[in-house]
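What follows is the residue order along each chain.
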Amino acid sequence: MNAPHKQSLAGKVVFVTGAARGIGEHTARLAAARGAKVALAGLEPSLLAPLADSLGGAWFECDVTDQAALSQAVAGTVERFGGIDAVVANAGIAPRGTVVVGDVEGLVRTVEVNLIGVMRTISATIPHVLASRGYYLLVSSAAAFSALPGMSAYCASKAGVEQYGNVMRLELAHRGVAVGTAHMSFVDTDMTRMAQADLPSFGAMLPRLPRPLARFTPVEVCARAFVDAIERRKRKVYVPRTMAGVQALRTVMLSPLSDFLIGRGARTAVPQLEDEVRALGGPR
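These remarks concern the structure in this document.

**Examining the overall build of the protein chain**
No. 1: Helices and strands together make up the secondary structure of the protein chain, namely twelve helices and nine strands.
No. 2: For the protein chain, the proportion of its 284 residues judged to be buried stands at 52%.
No. 3: Of the contacts formed within the protein chain by residues at least 6 apart in sequence, a portion of 72% connects residues at least 24 apart.
No. 4: In the structure as shown, the protein chain presents an accessible area of about 12,700 Å², 57% of it carried by carbon and sulfur atoms.

What follows is the structure, encoded as structure tokens:
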């Protein structure tokens, strides 16, 4: 169950992965605006350094698939701020391509970052979150309970994040640690804008999806939902809120009916997508 009362972030230490831009950046900005001390982990020092400086936070160049780098980032956070109260496991990527026209290393890398990276982040931070009886927000997606052509590895990784969080919640409840998973439709970030620019078929496919899935949410709205979730130690976060209804209809979303409805468009959209990926010179 969700915590009944909102808890202030003033003085709390929030560790955010994938913090250089997009959802991670805006979540860190808003958490700091509400009084949190923020530690930012990511792969772009040129963006992380000025962001941390502007927020009075700390930053660490860190690949979430590198356990040693994560451990160093966590150690640096604890040295600077004294502990960790909340973790936003946000780092994620989305490859271009399909299971036919797709670099297998790119598909595997997606699972390594999106799912294994979450596992590694939890492993690195768990002693400190246990000590603070803190909160984890694991960034999954609406892709966890829907099947979208061209997103096989992404959907698989985000479904894994959801289930990892569901079990982790049960394992940590008696230790006073709360765990939430976040499920968003498309958010207006650099990643989604690049996909639209590179792959016209992606934009053409969106109107064929069920309406809640086709909606683009401003990144600031998503960040506000994430920070509210930290304050309330929420079990589930839906952005927009209609994603809760989509998840409740998971059986329908993954049914033969859904295969038929989405598949009608996929018969033409997938070959077009694969041609576009080839024109790009291969998956990115």
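**Focus on the packing of helix H1 (residues 22-33) against helix H2 (residues 45-55)**
No. 1: The geometry of H1 relative to H2 is characterised by a closest axis approach of 10 Å and an angle of 15 degrees between their N-to-C directions. In terms of orientation, H1 and H2 fall into the roughly parallel class. For the element pair H1 and H2, the recorded crossing hand is right-handed. Residues Glu25, Ala28, Arg29 and Ala32 of H1 lie in contact with H2, whose contacting residues are Leu51, Ser54 and Leu55.
No. 2: Classifying every residue of the contact of H1 with H2 by side-chain character gives four nonpolar, one polar and two charged.

**A few points about the sheet that holds strand E3 (residues 58-61)**
No. 1: Across the sheet, which stays open at both edges, the seven strands sit in the order E3-E2-E1-E4-E5-E6-E9 with parallel pairing between neighbours. Each of the sheet's edge strands pairs with one partner strand only, and the pair in question is E3 and strand E9 (236-239). Averaged over all pairs of adjacent strands, the angle between strand axes in this sheet comes to 15 degrees, irrespective of strand direction.
No. 2: Note that strand E2 (residues 37-42) and E3 share four bridges and pair parallel. Residue pairing across strands places Ala41 opposite Phe60, the latter belonging to E3.
No. 3: The strands touched by H1 within the sheet are strand E1 (13-17), E2, strand E4 (86-89) and strand E6 (178-184), with E2 carrying the most contacts at an inclination of about 170 degrees.

**Considering the pairing of E1**
Note on strand geometry: in a regular strand, side chains alternate between the two faces of the sheet.
No. 1: Most of E1 sits inside the fold, with five of its five residues counted as buried.
No. 2: The side-chain alternation of E1 yields two buried faces, one formed by Val13, Phe15 and Thr17 and the other by Val14 and Val16.
No. 3: Relative to E2, E1 is paired through five bridges, and the arrangement is parallel. Residue pairing across strands places Val14 opposite Val38, the latter belonging to E2.
No. 4: Note that E1 and E4 share three bridges and pair parallel. Across the sheet, residue Val16 finds its bridge partner in E4, namely Val88.

Rules used in this analysis
Residues numbered from 1 in each chain as written. Predicted model: local features only at pLDDT ≥ 70, side-chain atom pairs only at ≥ 80, totals over all residues. Heavy atoms only, no water. Helix = DSSP H or I, 4+ residues; strand = E, 2+ residues; numbered from the N terminus. Buried < 20%, exposed > 50% of the residue type's maximum accessible area, 1.4 Å probe, protein only. Contact = heavy atoms within 4.5 Å. Areas by Shrake-Rupley, 256 points an atom, 1.4 Å probe, with all protein chains shown as cover. Axes fitted to C-alpha atoms, helices over the stretch in contact; angles between N-to-C directions. Parallel < 35°, antiparallel > 145°, perpendicular 65-115°, else oblique. Left-handed = near helix turned anticlockwise from the far one by under 90°. Nonpolar A, V, L, I, M, F, W, Y, C, P; charged D, E, K, R; others polar. Pairing = 2+ DSSP bridges.

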